Amino acid sequence: MAHDSANHAAAEVAPEGTGSTPARLADSSSVGTTTIAATVVQKIAGIAAREIDGVRTMGGGVSRTFGALRERIPGGSGTSTSSGVQVEVGEKQAAIDLDMVVDYGVSIVDLARAVRRNVITAVERMTGLEVIEVNIAVNDIHLPTEETEPGTSRVQ
C-alpha cells in the first residue's frame, strides 16, 4: 500500500501513559485498518539502536541488572529487545526515548546522530508512523578493562 506522507502533518503524539495503546494508521481504507502496538515500535527502535557500532547495551542501571538476571535464569528469555526503550505512540506519530551505555572512545555526538538516524529510518519504514523525536540518554561508558571472559574467574 502506498505511503501518504501528507497524512502525517497534523497529528499529535498520544498523551503520556498511553504508550501501550495501539496506533491506528492513517492508511485505513474501505477494506480495513491497520493498528500497531507500542511494543512493536519499542522493539523496532531497540533493535535499530543496537545495530550501531559503539552502543554497548541499552537501559539504565536497574534495567541492565534485571536483564543480566534474566539471562542467567534457565529457560529465561535472555536479553530484552525493548530494554532501555520507551515510546509514546499516537495515531500517526511516535516519540522515542533511549537509555544506553556506549563504548569508551566513541564520539557520543556522532554515535547519537547515527542511532537517531537509524531508529527514525527503521520505525518510519516499518510502521509508516512519523517519528517526531528520538531522545537519547547516555547513562554510562563501557571501559575495555570491564571486559571479562565468560566462564573465567579471577580467583582459582
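Keep in mind it's a predicted model, so treat the numbers as computed, not measured. (Residues numbered from 1 in each chain as written. Predicted model: local features only at pLDDT ≥ 70, side-chain atom pairs only at ≥ 80, totals over all residues. Heavy atoms only, no water.)

Undergrad: What's the story with the pairing of strand β4 (residues 85-89) in this structure? I'm lost.
TA: On any regular strand, side chains alternate: one points to one face of the sheet, the next to the other face. Judged by which residues are buried, β4 turns out to be one-sided: V85, V87 and V89 face inward and are buried, whereas Q86 and E88, on the alternate face, are not. Where β4 and strand β5 (residues 93-103) come together, 5 bridges link them in antiparallel fashion. Among the inter-strand pairings, V87 is bridged to a residue of β5, identified as I96. Counting the residues that bridge the hairpin from β4 to β5 gives 3 residues. (Buried < 20%, exposed > 50% of the residue type's maximum accessible area, 1.4 Å probe, protein only. Helix = DSSP H or I, 4+ residues; strand = E, 2+ residues; numbered from the N terminus. Pairing = 2+ DSSP bridges.)

Undergrad: Help me out: how do you make sense of helix α3 (residues 108-127) in this one?
TA: It helps to recall that an α-helix has 3.6 residues per turn; residues three or four apart then point in one direction. End to end, α3 covers 28 Å across 20 residues, agreeing with the expected 28 Å (1.5 Å per residue, within 8%). Within the span of α3, buried status applies to L111, A112, A114, V115, V119, A122, V123 and T127. For α3, the arc enclosing every buried residue in end-on projection is 165°, short of the 170-degree limit, so these residues lie on one face. Facing away from the buried surface of α3 by more than 90 degrees, the exposed residues are V109, R117 and R125. (Expected span 1.5 Å × (residues − 1). Arc of directions from axis to C-beta.)

Undergrad: Any chance you could explain the packing of helix α1 (residues 38-50) against α3 here in plain terms?
TA: Pairs of packed helices are described in terms of their axes, by the angle between the two and the distance that separates them. One way to put it is that α1 packs onto α3 with a least axis distance of 8 Å and a crossing angle of 140°. With respect to α3, the axis of α1 lies oblique. Regarding α1 and α3, the two cross each other, and that crossing is right-handed. Every residue of α3 that contacts α1 at V41, I44, A45, A48 and A49 is listed here: V115, N118, V119, A122, V123, M126 and T127. (Axes fitted to C-alpha atoms, helices over the stretch in contact; angles between N-to-C directions. Parallel < 35°, antiparallel > 145°, perpendicular 65-115°, else oblique. Left-handed = near helix turned anticlockwise from the far one by under 90°. Contact = heavy atoms within 4.5 Å.)

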